[in-house]
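# Analysis of the macromolecular model
Below, each chain spelled out in residue letters.
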Amino acid sequence: MELPALTTDTIWAILKDEIDDTTVLNLVWHYLGYRYDESTGKWDVTNVSEEWRTDYPEPPDFIANRPPTVKLTRSIPKENKQIAKEFLGFTGYKIGEFGPRETRRATAANWLLSYMRINGKC
C-alpha cells in the first residue's frame, strides 16, 4: 500500500475524514515499525518496540478497538498530549458530530503528529 507523506496536511486529512480508515491504520502501523512481508504473508515486527510487539504481535485495529487506542494514547509523551490543538489549532469535534471512530482517528492523528515532532518532522 502506498502511504501518503507524513505531513501536517496528512494529519488534517485524517482529522477531516478525508483519508480512509485503512490508510490511517497503515500509517500508524508503519511508524510503529510494523512491516508486512508479502513473501511470507506475515507481519515483520523486527522494528516494533518490545512493549508493542509483546502486546500486539500483529498490528492492532486502533479504530475498531479501544484497548490498543488507550495504549497509543498513553504512549504519547506528556508534552505532546495536546499537540493537535497546540500545533495545528485543532479544536476538536462538535458535540453530536463525533463518536468512537472519530475520537480514535483523532488519537491516531495526535500520535502521528507527536511522532513527527519527536523525529524532527515538524
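What you see is a predicted model, and the numbers here were worked out from it, not measured in a lab.

What counts, and where the lines are drawn
Residues numbered from 1 in each chain as written. Predicted model: local features only at pLDDT ≥ 70, side-chain atom pairs only at ≥ 80, totals over all residues. Heavy atoms only, no water. Salt bridge = Lys/Arg side-chain N within 4 Å of Asp/Glu carboxyl O. Helix = DSSP H or I, 4+ residues; strand = E, 2+ residues; numbered from the N terminus. Buried < 20%, exposed > 50% of the residue type's maximum accessible area, 1.4 Å probe, protein only. Lys, Arg positive; Asp, Glu negative; His and termini not counted. Contact = heavy atoms within 4.5 Å. Axes fitted to C-alpha atoms, helices over the stretch in contact; angles between N-to-C directions. Parallel < 35°, antiparallel > 145°, perpendicular 65-115°, else oblique. Left-handed = near helix turned anticlockwise from the far one by under 90°. Nonpolar A, V, L, I, M, F, W, Y, C, P; charged D, E, K, R; others polar. Phe/Tyr/Trp six-rings, centres within 6.5 Å; stacked < 30°, edge-to-face > 60°. Lys NZ or Arg CZ within 6 Å of the ring centre and 35° of its normal. Core = buried A, V, L, I, M, F, W, Y, C linked by side-chain atoms within 4.5 Å.

Under the defined criterion, the tally for this structure stands at seven salt bridges. Between E51 and K71 there is a salt bridge, with the nearest N and O atoms lying 4.0 Å from each other. Separated by 20 residues along the polypeptide, E51 in helix 3 (residues 50–55) and K71 in helix 4 (residues 66–74) bring together distant segments of the chain. The exposure class assigned to K71 is buried, which follows from its relative accessible area of 18%. Between D55 and K71 there is a salt bridge, and its shortest N-O distance comes to 2.9 Å. Of this pair, D55 sits in helix 3 while K71 sits in helix 4, placing them 16 residues apart in sequence.

Looking at the secondary structure, you find R104 in helix 6 (residues 100–118). We note that R104 is buried and unpaired, the nearest opposite charge coming from D61 at a distance of 7.5 Å. Sequence-distant contacts of R104, that is, excluding residues within four places in its chain, are made with F62, I63, A64, N65, R66 and T69.

Between helix 4 and helix 6, the least distance of the axes is 10 Å, while the angle of their chain directions is 30°. On the basis of the axis angle, helix 4 is roughly parallel to helix 6. The interaxial crossing formed by helix 4 with helix 6 has left-handed handedness. Of the residues in helix 6, those in contact with R66, T69, L72 and T73 of helix 4 are R104, T107, A108 and W111. For the contact of helix 4 with helix 6, the residue count by class is three nonpolar, three polar and two charged.

With that settled, the discussion passes to the packing of aromatic side chains. In the structure shown here, the tally under the stated rule is eight aromatic pairs. A centroid spacing of 5.5 Å and a plane angle of 80° characterise the contact between W29 and W43, whose relative ring orientation is edge-to-face. Taken together, the positions of W29 in helix 2 (residues 21–32) and W43 in strand 2 (residues 42–44) put the pair 14 residues apart, joining distant regions of the chain. Members of the aromatic cluster, connected to one another through ring pairs, are W29, Y34, Y36 and W43. K71 extends its terminal NZ or CZ atom over the ring of W52, reaching a point 5.2 Å from the ring centre.

Counting residues in each nonpolar core, the largest one holds 32 residues, and the members touching the most others are I11, V28, Y34, W52, F62 and L112. Counting residues per element, the ones that place at least two in this core are helix 1 (8–15), helix 2, helix 5 (83–88) and helix 6. With seven residues, the single largest contributor to this core is helix 6.

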